[in-house]
Amino acid sequence: MNVEFSAHGEHLEKDMFAGLVTSLAFHSESILLAGHGPCLKVFNVQTGQLLACETVLPHNRIHRIVLVPETRDDSGVQTRRLAVYGSKYLSILQLEISETAAKVTVEKAFGPFCDWIMDAQWLTEEDEYRDQMALAFAHNFVDVYDLSGSEAQRLDHVQCQVRCILYAARFYGNTRDTLILASGTVFNEVHLWKPSERNEQGDGVVYKNLAGHEGVIFGVGFSPDGSMLTSVSDDRTIRVWPLHDTNTKQSPQIIFGHTARVWDCQFVDEYLVSISEDTTCRVWKNLLMSQNDGDDDVNTGIDGLACWEGHAGKNVWSCAISPEHQIVATGGQDSGIRLWSLVSIKENKIDSEDDLACISLPTAVDSYVHTRNDFIRNFSVIHQDTVLAMSSEGHLLKYSAALIDQPWQLLYHDEAFRNYSIMETSTCGQLVVMGSITGDLVFLSPDNSFTPLKTKTHANKVFELFVEKSKDEHVFYVISYAFHDDIHFHRLDISNPSNPTLTTLYTLDLPAERTTIISLAVVEEESLLICGSREAALLIYRLPHLEGTLGEPLKITPSMQLRRTHGRQAISSVVIKPKQGQDTKGVTFWTTGRDGCYIQYSLRSLLSEGDVPGHTETQLGIASRGDTVTESQDLHLEKVYRNKVTKGWLERVVYLDGELLLLGFYRKRFFVHNETKNFELISVACGGAHRRWQFTAQDAKLDKATFAFIRKEQLYAYFRDGATIGGGFDESILQENYHGREVRAIEYLNLFPEMKNDAPLIFATGGEDTLLRLQQYMPTAKSGFVTLASIRKHKSVIKSVACSKGLVTLLFTSGATEELRCWKLEATLPEDPRQTLDMKCLEWATCPSVSEDLETRIMDISVFAIDPARGLHIIGAVYSDAMIRIWLFNEATRRFSMVIDGTWHAKCILQIQHVLVADNDGSNRILFFTSATDGKIAFWDVTRELNEAVHAVDDLDTDHARPAFKLTEPFYHYQAHMSGVNALQVQLYQGNQLLFVTGGDDNALVAALFELQDQHVQSIGERCTIPGAHASSITDLRFVNDSVFSISTDQRLNQWALENRGPQGVSLKLINAAYMDVSDPSAMDVIAVNGEIHVAVTGIGLQSIRYPQ
């Protein structure tokens, strides 16, 4: 931990940190070094363990890690020296490491040098690495230093003959005689020159000029043998240049594919690995390694071998390749570190039929003899390497890939299944159900564990079958659906293998609207059936007496239906989330749709334990009109989250090992996307979605998985054995990510105020990436916190976040395009306080837009519960068009109603705050305060208007967008700053005194004290103004006891002591200052919990400090 000294003897201990990962380097195949802000972290990639974290480059980012090739090994502990640099500073470190522990020691620190360091290279003398290093600088010159002493001694200096600014540079060679520098210039060229070869003026001579880019050069790199060089540019291209070819006219390989600027590209055997501003890491084929001699054509490429999308927001800043070329590590602006398997590139993207198993019917097996017209009409995958195939002649055969000599076995033959059959299997593989064109159903076991059962259930063609497993291993639920016939719900009991019994429990009554059920799930413990239709309707049925004690089949109607859940596209699957631990309330489930979206729902019963649901009419909800909650007499359904992650459509969701996998099709490819970790697992060219297909997996890594499909009457299968293609690591996420763009809002959430000790510390953030994130402070985590939820619902930047407690806990978020949203928070404490809590963030309501200009932004909000017992909340909002609006939110109706609006500031309003002042009669006087870009602070008393609105809340609900009252002139205002007031804090100070502290674009901090009287305000003393409180504009501030914390774009967190000077007002005195490793800090928040004060600052990243309360 980094500790800043306090002038008062206290220490501000730096705690949580999330920032740019700007450098990565592998020490060995299992050990990865990461430059995370000023800290060097050491990870074991095989276990995911953080072995060490040390601040090695204070107040700077680590731009590159340069390892000495030599490693000493002493009794299992390896020792290695390395250098790290950033800006104008360089540190020499010693690394001591084993598989389970590491120690980083700063031997020496040098700087500032005269210019920005662009690259560093250790040099050898007599084949030994000593303390000599070559440094390349931003003005295209090279210095050689002796670093053996406490100060850097310059041994040599050489300026390149081309004097220009560099954005990139890289050395090749490790002696002063062989050293080459590739300089990437701002003039779109790469210059190669040797510091040892100089002209008459002593300048280094450029011996090769590589021109062709149409933008500045951001990165260059040599191949291991120095025969090729890569360059990446602002023009979004990668160019691979041959260096040793005598044919000087040979053109470079030009690669297009990234959708934004490219930062780096590295050679890995026959591959190229690149990283970009578009948040992807891509793998390409190096065509120069396979070109025929004399081929002078320019090679261009768009389709790469792999596109790894695991980082959020913007920019993958760093990349490293393991020594054995098995693993690629990437670090992003989102603070995340991801691992990717190079060896799995071919296995994860299947393009050729050579990688698939073509399963053809046998010539003869048992009593089956293949005929010319017989082919596989239908199939099911029952195990990882076992497939059931139904032939067009009515033969059911089992194919086992593990049985090489005789993989086929005849299970069943029935002429009723000639030319048509529908087949479905249980997830455990113990049961297969088949339906015929004449309405027959056949139930049998692939392992012959019970006697086959055939029954005539329908009068017409069976076109849908569903099989659901019961908790009783001998019981299955089967739902069958035939043309112009009822939907039957059956219960199959195979406890007596020689005499299995089938009971038809229910027939399902469909709504009057056209509804075709194509997906469903049974919730046995809640006696519920959830169905999805081709028309995007979600139906929920109660299942009375599910244990099978009914006589005749009972006709059941849906308790509720929610239509248009996926627009006009089909609900392709319904999947229930397994309950974990103490989570016994309600049901969480997902639906997927062919609109490319998946939706998470929360369903709970409104009945008390022991109550029996009565007959009710179906409750209708329509998702397309904004219904997020549907409630019947006995059920409550809420939409929790909706997201679209693919350009194609989604067919299924799989929940394995606590991770959410999305299955779908895009164009002619099938894909599996890990939504929890945000990357594509596999992609198979299968011809598209309009075909019979099945997928099964045993784990979230797909170590054991099978994808099978029919194409042109042929059955193809991809049998995946991940044990042979693993990358040597267990977890692909080495360090969790934060926001990938600037964060504009942060708020600590005191969700458990009654807890005095061990209270979980939760905070919410929102920013430019439009994500709302909920995080929990966890000191043992690699960054000091873990993410509980990440929700993308805002269309543009989130500028403010505020929490309010009424009947439930609500979170309000606002930002650009006049968005104001309400979320309901549900938090469940874990049994072990060291574990993360279970957090649900439910989308509850959206405030209507009332401005004519679509670009109007809500700059800030201030929220409180005016009547918690009735669930009434007040939201004060200020807008970029100088409007002030005060909304009332009613939990009962879940609607926003405008109470007051008006304008007085002639400029964009930046901040709004509220204060509740207790009157003698026990009521509260409600005051709002606003600040704008004109530097003025305005005081507003809205007590009467808000009290009237609360008393007549039902009248407000008739017209939500029409204000009940208009703002008049503020009852007081004053000029606080010469320009915009970015930070405004107000609190009751002593009695009826109001204390104001403001910070603005003029770098000033101003404190003012006022006496609040009946209808006016009296200033107390003179205002305390500190003109140069920061070196740049102040962006936020907070009160903490008798002090104030302020943060600025100068990255300094200042603590000021407040001193009451009686009739002379108040004064501010600087008592503490800490440099924060977060660039562009824009927001902060403070909370006192568990005996400590926590101050969090966020911008491009996050950092917090803590100290005893």
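Residues numbered from 1 in each chain as written. Predicted model: local features only at pLDDT ≥ 70, side-chain atom pairs only at ≥ 80, totals over all residues. Heavy atoms only, no water.

Draft legend 1. Just the environment of Thr696, in detail. Within the secondary structure layout, Thr696 lies in strand 63 (residues 693–697). Assessed through its relative accessible area of 25%, Thr696 is described here as partly exposed. Sequence spacing of Thr696 and Ile382 is 314 residues, and the spatial spacing of their C-alpha atoms is 8.2 Å. Excluding residues that lie within four positions of it along the chain, Thr696 makes contacts with Val381, His383, Lys704, Ala705 and Thr706. (Helix = DSSP H or I, 4+ residues; strand = E, 2+ residues; numbered from the N terminus. Buried < 20%, exposed > 50% of the residue type's maximum accessible area, 1.4 Å probe, protein only. Contact = heavy atoms within 4.5 Å.)

Draft legend 2. Broad picture of a negative patch on the surface. Taken together, the side chains of Glu852, Asp853, Glu855 and Asp881 make up a negatively charged region of the molecular surface. In this fold, Glu852 is placed in the loop between strand 74 (838–846) and strand 75 (858–867). Owing to a relative accessible area of 82%, Glu852 belongs among the exposed residues under this scheme. (Patch = residues over 30% accessible without salt bridge, like charges linked within 9 Å, V, L, I, M, F, W, Y side chains within 5 Å. Areas by Shrake-Rupley, 256 points an atom, 1.4 Å probe, with all protein chains shown as cover. Salt bridge = Lys/Arg side-chain N within 4 Å of Asp/Glu carboxyl O. Lys, Arg positive; Asp, Glu negative; His and termini not counted. Charge placed at Lys NZ, Arg CZ, Asp CG, Glu CD.)

Draft legend 3. Region of interest: the nonpolar core. If you look at the biggest cluster of nonpolar residues, it comprises 54 residues, and the most contacted ones within it are Trp308, Val328, Leu342, Phe670, Val672 and Phe695. The leading source of residues in this core is strand 24 (residues 262–268), at five residues. Beyond its immediate chain neighbours, meaning those up to four positions away, Trp308 contacts Thr279, Thr280, Cys281, Val283, Val328, Trp340, Ser341, Leu342 and Ile345. Counting residues in hydrophobic clusters, the runner-up holds 50 residues, among them Ala802, Leu820, Trp844 and Phe889. (Core = buried A, V, L, I, M, F, W, Y, C linked by side-chain atoms within 4.5 Å.)

Draft legend 4. Highlighting unusual backbone geometry. A cis amide bond links Gly111 with the next residue in sequence, Pro112, at an omega value of 5°. The backbone phi angle of Ala882 is positive, close to 75°, even though this residue is not glycine. Mapped onto the secondary structure, Ala882 falls in the loop between strand 76 (872–879) and strand 77 (883–890). Residue classification places Ala882 among the buried positions, given a relative accessible area of 6%. Of note, the phi angle at Asn1041 is positive, near 55°, even though the residue is not glycine. With respect to the helices and strands, the residue Asn1041 is situated in the loop between strand 88 (1034–1040) and strand 89 (1043–1048).

Draft legend 5. Main features of the sheet that holds strand 54 (residues 587–593). Reading across from one edge, 53-54-55-58-57 is the order of the five strands in this open sheet, with antiparallel pairing throughout. With partners counted over all chains shown, the strands left at the sheet margins are strand 53 (571–576) and strand 57 (629–631), one partner each. Neighbour-to-neighbour, the strand axes of this sheet turn through a mean angle of 20°, independent of strand direction. Sheet topology note: the strand 55 (residues 597–605)/strand 58 (residues 635–644) ladder contains nine bridges and is antiparallel. Of the residues in strand 58, the one forming a bridge with Ser602 is Glu638. (Pairing = 2+ DSSP bridges. Axes fitted to C-alpha atoms, helices over the stretch in contact; angles between N-to-C directions.)

Draft legend 6. Spotlight on the pattern of salt bridges. Across all of its chains, the model carries 40 salt bridges by this definition. Between Lys194 and Glu197 there is a salt bridge whose closest N-O contact spans 3.8 Å. Assessed through its relative accessible area of 41%, Glu197 is described here as partly exposed. Salt-bridge contacts for Arg821 lead to Glu843; the nearest nitrogen and oxygen are separated by 3.6 Å. Taken together, the residues Arg821 in strand 73 (residues 820–828) and Glu843 in strand 74 connect sequence positions 22 residues apart. One exposure class covers both Arg821 and Glu843, and it is buried. What emerges from the salt-bridge pattern is a single network uniting Glu13, Asp15, Glu1092 and Arg1106.

Draft legend 7. Structural detail: the sheet that holds strand 90 (residues 1052–1060). Taken in spatial order, the four strands make up an open sheet running 88-89-90-91, and their pairing is antiparallel. The open sheet has two edge strands, strand 88 and strand 91 (1066–1075), and neither has a second partner. In this sheet, adjacent strand axes meet at a mean angle of 25° when their direction is disregarded. In this sheet, strand 91 lies alongside strand 90 in antiparallel orientation, the contact comprising nine bridges. Of the residues in strand 91, the one forming a bridge with Arg1052 is Tyr1075.

Draft legend 8. A look at the pairing of strand 38 (residues 395–400). When you tally the buried positions in strand 38, you get six out of six residues, the bulk of the element. Because side chains alternate across strand 38, one face comprises the buried residues His395, Leu397 and Tyr399, and the other comprises Leu396, Lys398 and Ser400, equally buried. As defined by bridge partners, strand 37 (residues 386–391) adjoins strand 38 across five bridges and the pair is classed as antiparallel. In the sheet register, Leu388 faces strand 38, and the bridge partner there is Lys398. Bridge analysis of strand 38 against strand 39 (residues 408–413) gives five bridges, and the strand direction is antiparallel. The residue bridging Leu397 from the neighbouring strand is Leu410, located in strand 39.

Draft legend 9. The confidence of the model for the protein, seen in detail. Taken residue by residue, the protein gives an average pLDDT of 89. The fraction at 70 or more is 94%. With pLDDT under 50 throughout, residues 1–9 is counted as low confidence; its partners more than four residues away or in other chains account for 26 contacts. In the model, residues 292–302 has pLDDT below 50 throughout and makes 23 contacts with residues more than four positions away in sequence or in other chains. (pLDDT = per-residue confidence, 0-100.)

Draft legend 10. Inspection of the environment of Val442 at higher detail. With respect to the helices and strands, Val442 occurs in strand 42 (residues 440–444). Among the residues examined, Val442 registers a relative accessible area of 1% and is labelled buried. When the C-alpha positions of Val442 and Pro452 are compared, they lie 7.1 Å apart, and in sequence the two are 10 residues distant. If near-sequence neighbours (up to four positions away) are discounted, Val442 is found in contact with Tyr412, Phe417, Val432, Val433, Met434, Leu453 and Lys454.

Draft legend 11. Structural detail: the packing of aromatic side chains. Counted by the stated rule, this structure contains 46 aromatic pairs. Centroid distance Phe939 to Phe1010: 5.5 Å. Interplanar angle 80°. Geometry classified as edge-to-face. Of the two residues, Phe939 is situated in strand 81 (residues 936–941) and Phe1010 in strand 86 (residues 1005–1012); the sequence distance between them amounts to 71 residues. No difference in accessibility class separates Phe939 from Phe1010, as the two residues are buried. Look at Phe996 and Phe1010: their rings are 5.4 Å apart centre to centre, the planes differ by 85°, and that puts the pair in the edge-to-face class. A residue pair is termed long-range when its members are at least 10 positions apart, and Phe996 in strand 85 (residues 993–1000) and Phe1010 in strand 86 qualify at 14 residues. (Phe/Tyr/Trp six-rings, centres within 6.5 Å; stacked < 30°, edge-to-face > 60°.)

Draft legend 12. Representation of the environment of Ser796. With respect to the helices and strands, the residue Ser796 is situated in the loop between strand 70 (785–792) and strand 71 (798–805). As for Ser796 and Tyr541, which are separated by 255 residues in sequence, their C-alpha atoms are 38 Å apart. Leave out the neighbours within four places in its chain, and Ser796 touches Thr770, Ala816, Thr817 and Glu819.

Draft legend 13. Quick look at the state of the cysteines. Considering all chains together, one arrives at zero disulfides under this definition. Note on Cys281: no disulfide assigned, nearest cysteine sulfur contributed by Cys319 at a separation of 4.8 Å. Classification of Cys281 as buried rests on a relative accessible area of 2%. The cysteine Cys597 is free of any disulfide, with Cys841 supplying the nearest cysteine sulfur at 18 Å. When its relative accessible area of 6% is taken as the criterion, Cys597 is described as buried. (Disulfide = S-S within 2.5 Å.)

Draft legend 14. View of the side chain of Ser223. The residue Ser223 is located in the loop between strand 20 (217–222) and strand 21 (228–233) in this model. Take Ser223: its relative accessible area is 3%, and that puts it in the buried class. One polar contact links Ser223 to Asp225, side chain to side chain, over a distance of 2.8 Å. Among all residues touching Ser223, those that are not within four sequence positions of it are Tyr172, Met228 and Phe267. (Polar contact = N/O pair within 3.5 Å; in protein donor to acceptor, adjacent residues only side chain to side chain.)

Draft legend 15. A look at the pairing of strand 65 (residues 714–721). As judged from the three bridges shared by strand 33 (residues 357–359) and strand 65, these two strands associate in the antiparallel manner. Bridge assignment links Ala357 to a residue of strand 65, and that residue is Ala717. Where strand 64 (residues 704–711) and strand 65 come together, eight bridges link them in antiparallel fashion. Within strand 65, the position partnered with Thr706 by the bridge is Phe719. Between the end of strand 64 and the start of strand 65, which pair antiparallel, lie two residues, with Lys712 showing a positive phi angle near 55°.

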